[in-house]
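Take a look at the letters that make up each chain.
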Amino acid sequence: MADNGNVRKVYEILEKQLNQPLKTALEVCARCGICAEACHYYVSEPKVEHVPAYRAEQVRKIYRKKYNFFGKYIPSLVNAEELDEQKFNELVEMAFSECTLCRRCTFNCPLGVDTPLVMRVVRAMATASGKAPEILVMLADSAIAKGENPEIFKEMFIQQVSELEKELKELTGNPNAKIPVEKEGARVLYVGLAGAHTIIPPAIIFNEVGEDWTLSIYEAANYGVFLGDVERAKKIAKRIIDEAKRLKVQEVIVAECGHACNALVWEAPNWFAEKFPFRVRSIVELVAEYIQSGKLKVNPEANSEPVTYHDSCNLARAGGILKEPRLILQAVVKDFREMTPNGLENYCCGGGGGLVALPEYYEKRMRAGKPKAEQIRKTKAKIVAAACENCKLQLNDLNNYYNLGVEVKGLVDLVANAILYNRQKISANENQQANVST
Ligand code: SF4
Ligand code: SF4
């Protein structure tokens, strides 16, 4: 590699992250090829570069050069290679545009080889040597800056929320409906994403069940995760953790977002080696609980068109959130149709790992999403529900690219619709009864 400083950085990151799971991923592979069919890239374009084991092997080569005895002295014997600029650029391109970190290969590998972990390390190497996609770095850094200077944007945010509150009152016909911000002692801190569409439907749900909640001033998205940069990811997560501690909430509820859930629910306790004084869950889990306990009254007639559900890789494979979305859908839609395969075996939509934020990879991302588009078409559904913002963006793009003729919605959108419909029905019945009795 031309720049020795970069080589040093790359190996430093490898050294730093070389824990037992990574060593295992770099040393174990039976070369059976079973993982090929597991990867949506390979399914849509079957070529050797799209086999997960091939991807990991490119990193194993440079790993062996440094950490294997024969790799150091007789590299050809163990397929070891020196890292050079071109090779590193290829690795970076592969890790950011040809692997969505979906984990389907790991689930299907008889040895459980964690190829996405290897790809994450390449992302970390790219970030440390200034080769990560600029947009991802910028998004991560602006989230960090927001955490460092919350006062700058807080006033504007509160003003925007008061506008949303007016909209909420109108939609629900409830003059007492509220979107509280910075409410100390609230039971729930809800963390949305950029955009009113991640605030209004949950607000309808929370107001309907009479939840004691407050809205976070931050967004749940964590681009540090996509960069493989734990330090940045920790800073982004810490803003919300500190806010939850300051407000003394009992639960942090994360918006419909796979990677944000992954970061806050499963990764953050490890990053901070801390048991937080509050529970952290996805809104999908909380809404399923409301429905199961009978707290939330909904009417499935509100969503009468056939609906299918796309399992976000982060929620389903990484988080095991499989029953909850189905429980919600059975309650709020009339005709729910599963895709095949689904749940743990679901195909990635092709937009994960931060890819939807990278316009330069649009064509690649559309090609990689072909298996998902075919799955959707086969269900003949008119609505595709998903509980992840990145998935929804990708599904919308796939809808246009492959002419699927569907509408993409969040689970919370369908729930909010079923609540509003139920309310209308109840008040129509009351009016009818009042008319009869007069
Ligand atoms: S399925 Fe597992 S063991 Fe087989 S080639 Fe793929 S990564 Fe290697
Ligand atoms: S994590 Fe997903 S995208 Fe990456 S290699 Fe495995 S199956 Fe392919």
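Residues numbered from 1 in each chain as written. Chains lettered and ligands numbered in written order. Predicted model: local features only at pLDDT ≥ 70, side-chain atom pairs only at ≥ 80, totals over all residues.

## Quick look at the domain arrangement of the protein
- Its domain assignment divides the protein into domain 1 (4-131), domain 2 (139-292) and domain 3 (300-418).
- Every element with two or more residues in the side of domain 2 that touches domain 3 is listed here: α11 (200-209), α12 (223-226), α14 (258-271) and α15 (283-292).
- Here the residues of the side of domain 2 that touches domain 3 sort into 17 nonpolar, five polar and two charged. (Domains from an automatic or database assignment. Helix = DSSP H or I, 4+ residues; strand = E, 2+ residues; numbered from the N terminus. Nonpolar A, V, L, I, M, F, W, Y, C, P; charged D, E, K, R; others polar.)

## Considering the site of ligand 2
- Taken together, 15 residues are adjacent to ligand 2, and C39, P52, C99, C102 and C105 come closest.
- Only α4 (52-67), α7 (104-108) and α8 (115-128) provide two or more residues apiece to the shell around ligand 2.
- Residues that form the shell around ligand 2 fall into these classes: ten nonpolar, two polar and three charged. (Near = placed C-beta within 6 Å.)

## Quick word on the sheet that holds strand β3 (residues 251-254)
- Across the sheet, four strands lie side by side as β2-β1-β3-β4; this open sheet has parallel pairing. In this open sheet, the two edge strands, each paired with only one partner strand, are β2 (213-215) and β4 (279-282). The average angle at which neighbouring strand axes cross in this sheet is 25°, direction not considered.
- Of the pairings in the sheet, the one linking strand β1 (residues 188-191) to β3 comprises four bridges and is parallel in character. Across the sheet, the residue bridging to V191 is V254, located in β3. (Pairing = 2+ DSSP bridges. Axes fitted to C-alpha atoms, helices over the stretch in contact; angles between N-to-C directions.)

## Considerations on the packing of α15 against helix α17 (residues 323-332)
- For the pair α15 and α17, the least separation of the axes is 9 Å and the interaxial angle reads 50°. As summarised for this structure, α15 and α17 are arranged oblique, according to the angle between their axes. Handedness of the α15/α17 crossing: left-handed. Contacts between α15 and α17 involve V284, E285, V287, A288, I291 and Q292 on the former and, on the latter, E324, P325, L327, I328 and A331.
- A breakdown of the residues in the contact of α15 with α17 according to their chemical character gives eight nonpolar, one polar and two charged. (Parallel < 35°, antiparallel > 145°, perpendicular 65-115°, else oblique. Left-handed = near helix turned anticlockwise from the far one by under 90°. Contact = placed C-beta atoms within 7 Å.)

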